[in-house]
Amino acid sequence: MDNWDEIRTAYQVARVGTVSGAAEILGVHHATVIRHIDALEERLGTKLFQRHARGYSATEAGQDLMQVAQATDDQMTQLAGRIRGQGDSVQGDLIITSLASLSPLLTPILVEFQEMHPDVNIQFLTGDRLFRLEYGEAHVAIRAGQAPDQPDNVVQKLTTQCVALYGSKKYLEKAGFPETIEDLKNHRFVAGDKSYKRAPFYRWLEEEIPDVKISFRASDFTNIEDAVIAGAGLGFMTEWFAEMHDDMVQVMPPRPEWVGRLWLVTHVDLHRTLKVQTFLKFLKEKAQDWGPENGMGCDSE
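What counts as what
Residues numbered from 1 in each chain as written. Predicted model: local features only at pLDDT ≥ 70, side-chain atom pairs only at ≥ 80, totals over all residues. Heavy atoms only, no water. Helix = DSSP H or I, 4+ residues; strand = E, 2+ residues; numbered from the N terminus. Buried < 20%, exposed > 50% of the residue type's maximum accessible area, 1.4 Å probe, protein only. Contact = heavy atoms within 4.5 Å. Pairing = 2+ DSSP bridges. Right-handed = clockwise from strand over helix to strand, strands pointing away. Axes fitted to C-alpha atoms, helices over the stretch in contact; angles between N-to-C directions. pLDDT = per-residue confidence, 0-100. Salt bridge = Lys/Arg side-chain N within 4 Å of Asp/Glu carboxyl O. Phe/Tyr/Trp six-rings, centres within 6.5 Å; stacked < 30°, edge-to-face > 60°. Expected span 1.5 Å × (residues − 1). Parallel < 35°, antiparallel > 145°, perpendicular 65-115°, else oblique. Left-handed = near helix turned anticlockwise from the far one by under 90°. Nonpolar A, V, L, I, M, F, W, Y, C, P; charged D, E, K, R; others polar.

1. Remarks on the overall build of the protein chain
Within the protein chain, the secondary structure is distributed over eleven helices and twelve strands. Taken over the C-alpha atoms alone, the protein chain extends approximately 75 × 40 × 35 Å along its principal axes. When each of the 301 residues of the protein chain is scored for burial, the buried share is 45%. Look at the contacts in the protein chain between residues 6 or more apart in sequence, and 73% of them connect residues 24 or more apart.

2. Focus on the pairing of strand β4 (residues 120-126)
As paired elements, strand β3 (residues 92-98) and β4 share seven bridges and run parallel to each other. Bridged to aspartate 93 within β4 is asparagine 121. Read from β3 through helix α5 (residues 103-116) to β4, the crossover connection turns out right-handed.

3. Comments concerning the sheet that holds β3
Strand order in this open sheet of five strands is β4-β3-β5-β12-β6, and the pairing throughout is mixed. Looking at the sheet topology across the chains shown, the edges are occupied by β4 and β6 (153-161). Geometrically, the sheet is characterised by an average inter-axis angle of 20° between neighbouring strands, direction not taken into account. Strand direction decides the pairing type here: strand β5 (residues 140-144) and strand β12 (residues 260-267), joined by four bridges, are antiparallel. Its bridge partner being in β12, alanine 141 is matched across the sheet by valine 265.

4. Describing the confidence of the model for the protein chain
Residues of the protein chain with pLDDT of at least 70 account for 90%, and the chain-wide mean is 85. Taken element by element, the predicted model of the protein chain shows its lowest mean pLDDT in helix α4 (residues 60-84) (72) and its highest in strand β11 (residues 248-252) (96).

5. Let's talk about the pattern of salt bridges
Enumeration over the complete set of coordinates arrives at ten salt bridges. Across the pair arginine 43 and glutamate 6 runs a salt bridge, and its minimum N-O distance is 2.4 Å. Taken together, the positions of arginine 43 in helix α3 (residues 30-44) and glutamate 6 in helix α1 (residues 4-16) put the pair 37 residues apart, joining distant regions of the chain. The partly exposed category is assigned to arginine 43, whose relative accessible area is 42%. For the salt bridge of lysine 47 with glutamate 41, the shortest nitrogen-to-oxygen distance reads 3.7 Å. For lysine 47, a relative accessible area of 52% gives the class exposed. A network of salt bridges, in which partner residues are shared, links Asp38, Glu41, Lys47 and Arg51.

6. So, the environment of alanine 242
As for its position among the elements, alanine 242 is in helix α10 (residues 239-242). Using a relative accessible area of 4% as the deciding quantity, one classes alanine 242 as buried. The residues touching alanine 242, leaving out its near neighbours within four places in the chain, are Tyr166, Met237 and Met248.

7. A look at the packing of aromatic side chains
Counted under the stated rule, the structure contains twelve aromatic pairs. An angle of 85° between the planes, with centres 5.2 Å apart, marks the rings of phenylalanine 113 and phenylalanine 279 as edge-to-face. Placement of the pair is phenylalanine 113 in helix α5 and phenylalanine 279 in helix α11 (residues 274-288), with a sequence separation of 166 residues. Three or more aromatic residues link up through ring pairs in this structure, and these residues are Phe201, Tyr202, Trp204, Phe221, Phe236 and Trp258.

8. Quick word on the sheet that holds strand β7 (residues 163-168)
Pairing is antiparallel in the open sheet, where three strands are placed in the order β10-β7-β11. Looking at strand neighbours, the two that pair on one side only are β10 (235-238) and β11, the edges of this open sheet. Averaged over all pairs of adjacent strands, the angle between their axes in this sheet comes to 55°, without regard to strand direction. Sheet topology places β7 next to β10; four bridges connect them, and they run antiparallel. Pairing of tyrosine 166 across the sheet is with glycine 235, part of β10.

9. Let's talk about α1
With 13 residues, α1 ought to run about 18 Å at 1.5 Å a step, and its terminal C-alpha atoms sit 18 Å apart, in line with that. Taken residue by residue, α1 has Glu6, Ile7, Thr9, Ala10, Tyr11, Gln12 and Val13 as its buried positions. One or two residues past the end of α1 sits glycine 17, with phi positive at roughly 85°.

10. Quick notes on the side chain of asparagine 153
Secondary-structure assignment places asparagine 153 in strand β6. With near-sequence residues (within four places) excluded, asparagine 153 lies in contact with Leu133, Arg143, Val265, Thr266, His267 and Val268.

11. Concerning the packing of α5 against α11
Running from amino to carboxyl end, α5 crosses α11 at an angle of 130°, the nearest separation of the two axes being 11 Å. Accordingly, the angle class assigned to the pair α5 and α11 is oblique. Considering the relative orientation of α5 and α11, their crossing is right-handed. Within the contact between the two elements, α5 uses Leu106, Ile109, Leu110, Glu112, Phe113 and Met116 and α11 uses Thr278, Phe279, Phe282, Leu283 and Lys286. Among the residues forming the contact of α5 with α11, the class breakdown is eight nonpolar, one polar and two charged.

Printed below as a string of structure tokens:
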């Protein structure tokens, strides 16, 4: 593992999927690329790529190596820029991960950032899985809930989200508008599956509403929101998301115990790189414009 040129070559092949594409990026002959890949696989004693008619695809071992190589490549690029006095260049891959439900909030910000830095290639990964920052699976993670506590990560508070209880006009016309918590017990509810008990508003729901009244469950917040919009029952939403849908009616206003917190998480090895710092500064500046009128900033912590 002492030959960075071979690892960098394999990284570029994994990125673009072809030997010719990697050769063009690296400015070398395609035979050099093949020689580097063969030498690296022989040294490691395992196949890093599956060869096929369309090009190269990384094996599981190749994916593990490439994630580490990507983080190293970021650091090497940053170091080279500082040495050359060109540290003001923001370029290369920038991988952001968050819950899918945050996409309407974050996607316009990512697009604006890329317009300001056209040499940046944005990858926006969404889902409930916690991407491993220590393996270079993402540069910046935006996570919800309790503050992450992984020892090698840098954690910063981004903002809070106001969470309220909503129903669609279609559902409320049929079921009536609840005036009290007792009235809520006569309504149908949409909620997450049993694993969502860590969400504070679902803990409240479990304490106040009989389980039999939760008639629609889903494993993803996006699916939950879609079900509420479709009229399956009452459900929790952030105010900023509900305001994007004219059919949503707020049944109960935000409560302090329902507040959702968002955190910025970066790995300590990449936290100080120019690319990551530039994006973090940009996102924080955007977050300053979020306030109660936008369904954000619900507590004073």
